[in-house]
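Structural overview for review
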Amino acid sequence: MPSSDYDPASLPDLLPLYYRRLFPFSQYYRWLNYGGVQKNYFQNREFSFTLKDDIYVRYQSFTTQNELEKEMQKMNPYKIDIGAIYSHRPNQHNTVKSGTFQALEKELVFDIDMTDYDDVRSCCSAADICCKCWTLMTIAIRILDRALREDFGFQHLLWVYSGRRGVHCWVCDEAARKLSVAARSAVAEYLSLIKGGEETVKKVVLTDPIHPFIRESLAVVERYFPRYALQEQDILGRKESVDKVLSLVPEDILFTVYLWLQSLFLQATAKKGQYFEKEIMLQYCYPRLDVNVSKGVNHLLKSPFSVHPKTGRISVPINLKELDVFDPFAVPTISLICEELDRKKENNTESSGRSLAQKGKMVKTYYYKRTTLAKYVKYFDQFLDAMARSWKGELLRKSDLQKEF
Amino acid sequence: MQFMSRQKKLLPNSHTELYGQCLQFYGQPPLENIALSEFETFAVERLKLLKTVENLGVSYVKLSEQYTKKLDQESKNLNFPYRSGPSEIEKRRKDHISHFILRLAYCQTEDLRRWFIQQEVDLFRYRFSYLSSKQKLEFLHKNNLQYDAISVEEKKALQDKLVNSSYAVSGITVEDQDFYKVPFQDALDLVRTRKVYLKAGYVYIPHQDIVTIILNDFRTRLSKALALTARSLPAVHSDERLQPLLNHLSHAYVGQDYSIQKNVGKISLEQIDSLSGKSFPLCMRQLHQALRENHHLRHGGRMQYGLFLKGIGLSLEQALQFWRSEFIRGKVDADKFDKAYAYSIRHMFGKEGKRTDYTPYSCMKVILSNPPSQGDHHGCPFRHSDPELLKQKLQFYKVSPSGISQILELVKGMHYQLACQKYFELTHNVSDITFSLNHPNQYFVESQKVLGGGKDIKREMDTPQRSQENSDNLTLDLIRGTGELELCEYKCIFPKAKGNIG
């Protein structure tokens, strides 16, 4: 597969091409400008760039899409992070009176990292992932997406592949962007079921009554558990992993463990209120969030369409309609799409562009459409279209208010 | 509750109207004249009350029988209101004034604000629990917290979900009580602990739980008010009579925060391994061991342990060397350390960013905030470890079996700091220590004292001890001069209450 030909050393050559031809700037600006409903929203947004040799620059900000483009094409950042919208332009923060420069708003974000599951996956560890453990991400997305929409009422969620070992979620609703630190932390804790660090063996404890949120999440886990845990991870296949499972079962319970038609059954002389087979399933599969990422209004998170320097993969949005077939290894790398661009150039039919240009019109050629990146940008467009409908409503409302005078 | 229709000058004889109810939101600052001695007494006594609230909150479940009984007692002793009654006017006046005085003392830093708000919210919660149902609803209305009750049909449709969302809600509750639809942002405490049914951004709260909404509101308003007060503080500091008292009040709650390094450079890096076994509290010993074993610690651990080391006297240069040499043994090369980790260590010492000199975490902070998750080793072992694992660890550290059971008993009762004190006693072979443990660095200091430390360290020990004593018996001669204080002079400092707030 061409994507496996990515070599980090080639980044300095590939990045300029990526930022000149492929990075979807107009969609990106369309997103972060949020319809222009709030003044200076884009201008007061912090970006940070990681440049060659790990040079890190914070508090970058731009007044227009054009300025952003020019700067990125000049600096060719290896990584781009998005921060908060501040009270003043971030690139002028040093001129602001101390204490008055504040982070005001930002999307509500979640970061699911496969390393946080190391104690429950046997196929990989640390930064590695494979198709067997990727199911954990699928489960995480399904559970969190449902909860954020149905329980919290959010509508505009952007799920993004981080480029290596996890996924991010950007909740872009206006209400979400305005949440306080306390509110963000409350949301993250509502969504957290796995409690405990290295010193805790049993990380999920359920008590009566079982909250509807837990029931809904369990329903998702139960759907995937037989194939994921029993087959792919084979948690009952080897003594040590069986022991691990058994360590989560209370001592004073007699039980029988058996496989019946690919399902896990733990029958026991259980007292009412003991939910250990549910607890086991949750401990193995329930999403593990880093609350600290979601809490901070000023927290910087990797930008969608940023490149991952180690793998070369582009952080692409994930279309939830195709979630079950999403393959992180099929995500285009920067070398692949640059190569695709070169190939298309050879069989070039730029005549369409030229003929329009002859009519004196400026035509922008969307080069990304010639690459595998196209479908991801298209999905991003759909996401933006849905949000735009809400911006329209907002702008109308604002102009109505003005007319009242 | 105060009545908004009456404003401006309030004469003492209108106290009956002003303090008609036993509970208030402190929306309006006091405007009368007050003797300086009364000013001081009020403040000191409220502080004692809040400290009691804090201690009880750690040792008992809030609003449990023991908790309320003890708080009743303390309120009585200190002459604060705790139940409705006609003779309570004087106590309510004291409550009102003392609250505002403490606002002056506790608005200045993030840490002080957080502490003050936490205790005031807990105090409010306790007092609110004594109100009748009708009075509770009145509160809602007076605060413009008008939420819609859902229809009977909707209640029926959601019945199962409502019952399953909260331990306190039964089928009968659903039938009998009104349920209110509240935006989730107004009920964060319920959302955070998942004690309520949440749908499409609204929580469904039974009438009996409406207190959480009010608490949230109280907390938010107080937080905003403190921020505003802080900005106008210079006016107060210019009054010589008040400054010493306010300064003293704000240090009293914590005694020592170990932010000023008294022993910089007196500890050498080679000593750390042995010190960790002898004088580190269990949480830090655990972190140190994890660091040595894995040659790495995650962010939470680096903060908790790094700040502790700063508190015991490590200089910035020593800290950098310490972390660097350990991380290099792991997967981090020298370059990466300098780029990624050195910055955050300098940040800890106040040399980067907004240059806040971070203070080492107190026990309260370690126990209550940032619980550890997968891959973490920070937190309080008595709070965050599985009892089984804790037992094994204590066995490994050669604590006697009877000692271990004593510790586990304390842990079961949620007395984490007492458990740590027991651990101190057992490992130092002393009984009945005189100090009340509330800070890991305090543990270290006391341990070094017991082990006879160096002469220098011993001398430094005396200073902290003294301020600890002082904070417990606040002397009453701090205010210079006599006479009266015109509180109305200071009303500009307190933000104007908006709307109908009692």
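Residues numbered from 1 in each chain as written. Chains lettered and ligands numbered in written order. Predicted model: local features only at pLDDT ≥ 70, side-chain atom pairs only at ≥ 80, totals over all residues. Heavy atoms only, no water.

Turning to the sheet that holds strand S6 (residues 157–161) of chain A, a few remarks are in order. By way of backbone hydrogen bonds, the strands of a sheet pair with one another, either parallel or antiparallel. Residue and element names in this part refer to chain A. Reading across from one edge, S5-S7-S6 is the order of the three strands in this open sheet, with antiparallel pairing throughout. Looking along the sheet, the strands with just one partner apiece sit at the ends: strand S5 (108–113) and S6. Neighbour-to-neighbour, the strand axes of this sheet turn through a mean angle of 15°, independent of strand direction. Where S5 lies against strand S7 (residues 166–171), six bridges are found, and the strand directions are antiparallel. Opposite Leu-108, over in S7, you have Val-171 as the bridge partner. (Pairing = 2+ DSSP bridges. Helix = DSSP H or I, 4+ residues; strand = E, 2+ residues; numbered from the N terminus. Axes fitted to C-alpha atoms, helices over the stretch in contact; angles between N-to-C directions.)

Inspection of the secondary structure assignment puts Lys-203 of chain A in the loop between helix H6 (181–190) and helix H7 (212–232). A distance of 3.2 Å separates a polar atom in the side chain of Lys-203 of chain A from the backbone oxygen of Thr-200 of chain A. (Polar contact = N/O pair within 3.5 Å; in protein donor to acceptor, adjacent residues only side chain to side chain.)

The next thing to look at is the sheet that holds strand S5 (residues 202–206) of chain B. All names here are of chain B. Pairing in this open sheet of four strands is antiparallel, and the strands run S2-S3-S5-S4 from one edge to the other. Strands at the two margins of the open sheet, each flanked by one partner only, are strand S2 (148–149) and strand S4 (197–199). Relative to S5, S4 is paired through three bridges, and the arrangement is antiparallel. Note that in S5 the partner of Leu-198 across the bridge is Val-203.

Residue and element names in this part refer to chain A. Along the chain, Tyr-228 turns up in helix H7. Given a relative accessible area of 1%, Tyr-228 falls into the buried group. With 94 residues separating them along the chain, Tyr-228 and Trp-134 place their C-alpha atoms 9.5 Å apart. Dropping the residues within four chain positions of it, Tyr-228 is found in contact with Val-120, Arg-121, Lys-132, Cys-133, Thr-135, Leu-136, Gln-233, Tyr-284 and Cys-285. (Buried < 20%, exposed > 50% of the residue type's maximum accessible area, 1.4 Å probe, protein only. Contact = heavy atoms within 4.5 Å.)

Turning our eyes to something else, we now look at the UniProt feature "binding site: [4Fe-4S] cluster" (unreviewed entry) in chain B. Residue and element names in this part refer to chain B. The sites that UniProt annotates as "binding site: [4Fe-4S] cluster" (unreviewed entry) are Cys-283, Cys-363, Cys-380 and Cys-420. These annotated residues cover 138 residues of sequence, and their C-alpha atoms lie no more than 10.0 Å from one another, placing them together at a single site. Of note, Cys-283 is situated in helix H14 (residues 282–294). Accessibility expressed as a relative area gives 8% for Cys-283, which makes it buried. With residues up to four places along the chain from it excluded, the contact list for Cys-283 reads Gln-304, Gly-379, Pro-381 and Pro-440. (UniProt positions renumbered as here; feature names shortened; annotations may be inferred.)

Residue and element names in this part refer to chain B. At a minimum axis distance of 9 Å, the contact between helix H13 (residues 271–278) and H14 shows a crossing angle of 140°. Classified by the interaxial angle, the pair formed by H13 and H14 is oblique. When you trace H13 past H14, the crossing you get is left-handed. Contacts from Ile-272, Asp-273, Ser-276 and Gly-277 in H13 reach Arg-285, His-288 and Arg-292 in H14. The class makeup of the residues in the contact of H13 with H14 is one nonpolar, three polar and three charged. (Parallel < 35°, antiparallel > 145°, perpendicular 65-115°, else oblique. Left-handed = near helix turned anticlockwise from the far one by under 90°. Nonpolar A, V, L, I, M, F, W, Y, C, P; charged D, E, K, R; others polar.)

All right, on to the interface of chain B and chain A then. In this complex, chain B contributes 34 residues to the contact, which on the side of chain A involves 39 residues. A buried area of about 2,900 Å², summed over both sides, lies between chain B and chain A, and 52% of it is on carbon and sulfur atoms. It is Arg-192, Arg-194 and Gln-374 of chain B in chain B that bury the most area against chain A; as a group they hold 28% of the surface buried on that side. For the interface between chain B and chain A, the tally reads 16 residue pairs in polar contact (both at pLDDT 80 or more). At the level of elements, helix H7 (152–165), helix H9 (188–192), S4 and helix H20 (387–396) of chain B are the ones that each hand at least two residues to the side of chain B that touches chain A. The element that contributes the greatest number of residues to the side of chain B that touches chain A is H7 of chain B, accounting for four residues. (Buried area = accessible area lost by both parts, 1.4 Å probe.)

Glancing now at the packing of H14 of chain B against helix H15 (residues 299–312) of chain B. Residue and element names in this part refer to chain B. The interhelical angle for the contact between H14 and H15, taken along N-to-C directions, is 115°, at an axis separation of 10 Å. When the axis of H14 is compared with that of H15, the two are roughly perpendicular. The two elements H14 and H15 meet at a crossing, and its hand is left-handed. Of H15, the residues touching H14 (which contributes Cys-283, Met-284, Leu-287, His-288 and Leu-291) are Gly-301, Gln-304, Tyr-305 and Phe-308. Its residues placed into classes, the contact of H14 with H15 shows six nonpolar, three polar and no charged.

What follows is about the pattern of salt bridges. Residue and element names in this part refer to chain B. Considering all chains together, one arrives at 41 salt bridges over all chains under this definition. Here Lys-69 and Glu-65 are joined by a salt bridge, their closest N and O atoms 3.8 Å apart. Taken as a pair, Lys-69 and Glu-65 lie in helix H3 (residues 65–77) at a separation of four residues, close to a single helical turn. Considered together, Lys-69 and Glu-65 belong to a single accessibility category, that of exposed residues. (Salt bridge = Lys/Arg side-chain N within 4 Å of Asp/Glu carboxyl O.)

Here the focus is the nonpolar core. Membership of the largest hydrophobic core comes to 186 residues, with the highest contact counts inside it found for Tyr-18, Trp-31 and Leu-191 of chain A. Sorting elements by how many residues they give to this core places helix H4 (residues 131–151) of chain A first, with 11 residues. Not counting chain neighbours up to four residues away, the residues in contact with Leu-191 of chain A comprise Phe-110, Leu-144, Ala-147, Leu-148, Phe-152, Phe-213, Tyr-286 and Leu-289 of chain A together with Arg-194 of chain B. (Core = buried A, V, L, I, M, F, W, Y, C linked by side-chain atoms within 4.5 Å.)

What follows deals with helix H5 (residues 110–128) of chain B. With 19 residues, H5 of chain B ought to run about 27 Å at 1.5 Å a step, and its terminal C-alpha atoms sit 26 Å apart, in line with that. Judged by how many residues are buried, H5 of chain B sits mostly within the fold: 15 of 19 residues are covered. (Expected span 1.5 Å × (residues − 1).)

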